[in-house]
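Structural features, examined
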Number of protein chains: 2
Amino acid sequence: MVRKTQLKQILKLKQKKHRLANGLFVAEGEKTVREFISASWPCKILFSLENNFHPQAQKVDLSVMNQITHFKNPSPVLGVFEIPKPKLLNKMPITIAVDGIRDPGNLGAIIRLCDWFGIDDLICSFNTVDCFNSKTVHASMGSLVRVTCHYLENLSEHLKSLEKPVFGADYRGKSIYSVRLPEFGSYIFGSESHGFSQEINNLLDYKLSIPNYRQTKGAESLNVATATAIFLSEIYRKT
Amino acid sequence: MVRKTQLKQILKLKQKKHRLANGLFVAEGEKTVREFISASWPCKILFSLENNFHPQAQKVDLSVMNQITHFKNPSPVLGVFEIPKPKLLNKMPITIAVDGIRDPGNLGAIIRLCDWFGIDDLICSFNTVDCFNSKTVHASMGSLVRVTCHYLENLSEHLKSLEKPVFGADYRGKSIYSVRLPEFGSYIFGSESHGFSQEINNLLDYKLSIPNYRQTKGAESLNVATATAIFLSEIYRKT
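What you see is a predicted model; the values in this text were computed from it and never measured. (Residues numbered from 1 in each chain as written. Chains lettered and ligands numbered in written order. Predicted model: local features only at pLDDT ≥ 70, side-chain atom pairs only at ≥ 80, totals over all residues.)

Brief notes about the overall build of chain A
Tallying secondary structure elements over chain A gives nine helices and 10 strands in all. Taking 2.2 N^0.38 as the reference for a compact globule, 239 residues should give roughly 18 Å; the C-alpha atoms of chain A span a radius of gyration of 20 Å, in line with that estimate. Principal axes of the C-alpha set define a box for chain A whose edges measure 60 × 40 × 35 Å. Taken across its 239 residues, chain A has 44% of its residues classed as buried. Look at the contacts in chain A between residues 6 or more apart in sequence, and 77% of them connect residues 24 or more apart. (Helix = DSSP H or I, 4+ residues; strand = E, 2+ residues; numbered from the N terminus. Rg over C-alpha atoms; globule rule 2.2 N^0.38 Å. Buried ≥ 20, exposed ≤ 12 C-beta atoms within 10 Å, placed from the backbone. Contact = placed C-beta atoms within 7 Å.)

Right, dumping it as structure tokens:
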């Protein structure tokens with residue numbers, strides 16, 4: 001039997017205030033849930049449509065999944081996990097930071113990119129979407145077990161304190177292909193629609209852009225996740 | 001006055017079958033709608049929360065927008081446009097194709113990337129999500145006015161007929177950084193979860209991958225839009 005209070009609790013976790021108050025988040029999808037389980041993240045509730053997903057899983061009907069999913073369509077597996085305690089920020093040669101990213105899917109894709117390129121920490125401005133938003137969890141496909149998002153109230157102060165050159169993705173900047181992107185530095189990616197905050201703008205040592213290959217008027221900007229992908233590739237390609 | 005039948009019609013356009021039957025699609029968001037208007041795509045309905053958006057626009061209340069939006073939250077502007085007649089496929093040195101992309105946001109991001117890199121045609125397998133899906137329209141941010149999606153029933157036959165080398169993004173392939181990606185060739189990107197169809201797999205001359213920089217087990221794959229971004233950057237970087 002699934003208790004109604006449980007279903008209500010799961011639905012409430014759509015909202016950040018309830019995630020914070022309860023220290024819990026929801027993960028949907030087999031692959032994503034398996035990643036959190038494999039990494040031993042404490043699991044409070046585990047529902048599955050199938051019998052054999054996991055010894056801890058409770059089998060539920062599709063009608064239950066339909067009621068609790070945070071998406072348009074339910075997944076075969078849904079887990080409620082504890083949000084881990086804040087971790088210390090490692091000192092690494094490369095710092096990746098995001099400023100004011102609002103789209104949860106984009107943040108998820110950036111977390112997955114960090115994972116791919118071996119980056120363990122992602123610095124987020126306070127006004128960046130919560131990394132435990134269900135859509136972010138989904139888009140990051142379990143990469144949150146390896147990449148920690150650190151939300152800083154004063155992003156620019158932190159970047160200053162690192163005493164590293166600061167690079168910002170900006171369409172008015174120099175072509176990224178014209179320079180060798182160093183492996184010692186901070187790289188910041190802003191919101192596509194609002195750009196960087198003034199404070200971050202003042203901090204940038206270098207503005208870099210991905211050149212637009214269209215001769216006449218074309219797209220005004222790239223999606224921030226695809227732009228981040230190209231920057232990370234340029235930093236790490238090593239040729 | 002907004003007629004109820006109009007509201008119903010707009011909501012129905014969420015579904016592909018209704019888009020096809022009526023030859024219409026919905027675009028939401030100021031920037032996106034402006035792109036279609038500037039490119040003179042025939043506009044059937046144009047609603048705006050503000051008075052001065054466009055002479056053709058009808059001012060409506062937020063309550064109306066709430067009723068008709070295809071998203072969780074309404075935009076200040078919504079337009080219903082005619083789906084253009086199929087265009088002829090240009091012969092270009094580079095062909096970009098997608099095989100079985102289901103996520104509308106990913107397809108939109110890929111269309112926007114094509115726009116950025118000056119690619120006018122995107123070849124899509126029949127089982128790829130419809131480019132006039134509202135989420136795709138939204139994610140492509142108006143780039144559909146410059147990039148035409150061609151849905152082909154037999155993608156592999158078409159690619160064969162081009163008589164160009166065929167490159168596929170595949171995690172088991174050779175590092176993309178180890179070769180110079182030619183500007184004469186077809187590049188195919190498949191669904192992350194299902195990979196390429198068998199037919200496409202048989203067709204590939206070269207499998208290429210973006211190397212995973214994590215020493216121990218990390219992310220299994222990249223989001224297909226971010227992978228496409230890195231491939232396009234590698235093809236066009238010219239250094």
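Some points on the relation of the copies chain A and chain B
Superposing chain A onto chain B takes a rotation of 180° plus a shift of 0.0 Å along the axis, which leaves an RMSD of 0.0 Å. Each copy turns onto its partner about a two-fold axis. A share of 100% of the interface residues of chain A reappears at the interface of chain B, consistent with the copies meeting face to face through the same patch. (Least-squares fit on C-alpha atoms with pLDDT ≥ 70 in both.)

Looking at the domain arrangement of chain A
Residue and element names in this part refer to chain A. Partitioning chain A into structural domains gives domain 1 (4-82) and domain 2 (94-236). Averaged C-alpha coordinates put domain 1 and domain 2 at centres separated by 29 Å. Contact residues are listed per partner, giving 15 residues for domain 1 and eight residues for domain 2. Listing elements by their share of the side of domain 1 that touches domain 2, those giving two or more residues are α2 (16-22), β1 (24-28) and α3 (30-38). For the side of domain 1 that touches domain 2, the class distribution of residues is six nonpolar, three polar and six charged. (Domains from an automatic or database assignment. Nonpolar A, V, L, I, M, F, W, Y, C, P; charged D, E, K, R; others polar.)

Remarks on the sheet that holds β1(A)
Residues and elements named next belong to chain A. On the basis of which strands lie adjacent, the open sheet formed by four strands has the order β1-β4-β2-β3 and mixed pairing. At either end of the open sheet lies a strand with only one pairing partner, and these are β1 and β3 (58-59). The sheet contact formed by β1 and strand β4 (residues 77-82) spans five bridges and is antiparallel. Note that in β4 the partner of A27 across the bridge is G79. Strands β1, β2 (43-48) and β4 of the sheet are contacted by α3, whose axis makes an angle of about 35° with β4. (Pairing = 2+ DSSP bridges. Axes fitted to C-alpha atoms, helices over the stretch in contact; angles between N-to-C directions.)

Let's talk about the pairing of strand β7 (residues 148-152) of chain B
Here five bridges tie strand β6 (residues 121-125) of chain B to β7(B), and the two strands are oriented parallel to one another. Counterpart to B:D121 in the pairing with β7(B) is B:T148.

Quick look at the interface of chain A and chain B
Taken together, the 28 residues of chain A in the interface contact 28 residues of chain B. Looking at the side of chain A that touches chain B, the elements that each hand over two or more residues are α5 (104-116) and α9 (224-236) of chain A. Partitioned by chemical class, the residues of the side of chain A that touches chain B number 14 nonpolar, nine polar and five charged.

A closer look at the nonpolar core
Ranked by internal contacts, the top residues of the largest apolar core, which has 133 residues, are A:L122 and B:L122. Beyond its immediate sequence surroundings of up to four residues, A:L122 is in contact with A:I96, A:V98, A:I110, A:I111, A:C114, A:V147 and A:C149. (Core = buried A, V, L, I, M, F, W, Y, C linked by C-beta atoms within 7 Å.)

Section: helix α9 (residues 224-236) of chain B
Under the 1.5 Å per step criterion, the end-to-end length of α9(B) is 18 Å for 13 residues, consistent within 8% with the ideal 18 Å. Here α9(B) lies mainly inside the structure; 12 of its 13 residues are buried. Within α9(B), the full set of buried residues consists of B:V224, B:A225, B:T226, B:A227, B:T228, B:A229, B:I230, B:F231, B:L232, B:S233, B:E234 and B:I235. Looking at the buried positions of α9(B), the neighbouring elements they touch are α5 and α9 of chain A together with β5 (94-99), α5 (104-116), β8 (166-175) and β9 (185-190) of chain B. After α9(B) finishes, the residue B:K238 shows a positive phi value of roughly 55°. (Expected span 1.5 Å × (residues − 1).)

Looking at the environment of A:G173
Residue and element names in this part refer to chain A. With respect to the secondary-structure elements, G173 resides in strand β8 (residues 166-175). In this structure G173 comes out as partly exposed when scored by C-beta crowding, with 15 C-beta atoms within 10 Å. The spacing of G173 and T216 is 43 residues in sequence and 19 Å in space, taken between C-alpha atoms.

Some points on the sheet that holds β8(B)
Residues and elements named next belong to chain B. Pairing in this open sheet of six strands is parallel, and the strands run β7-β6-β5-β9-β8-β10 from one edge to the other. Both outer strands of the open sheet, β7 and β10 (206-209), are each paired with one neighbouring strand and no more. For this sheet the average axis-to-axis angle between neighbouring strands, irrespective of direction, equals 40°. The pairing of β5 with β9 spans six bridges and is classified as parallel. Bridged to I96 within β9 is Y187. On the sheet, α9 packs against β5, β8 and β9 and is oriented at approximately 160° with respect to β9.

A closer look at the packing of α5(A) against α9(A)
Residues and elements named next belong to chain A. Interhelical geometry of α5 versus α9 gives an angle of 15° and a closest axis separation of 8 Å. Taken as axis vectors, α5 and α9 run roughly parallel relative to one another. Seen from above, α5 lies across α9 with right-handed handedness. Along its contact with α5, which presents N106, A109, I110 and L113, the element α9 presents V224, A225, T228, A229 and L232. Of the residues contributing to the contact of α5 with α9, the split by class is seven nonpolar, two polar and no charged. (Parallel < 35°, antiparallel > 145°, perpendicular 65-115°, else oblique. Left-handed = near helix turned anticlockwise from the far one by under 90°.)

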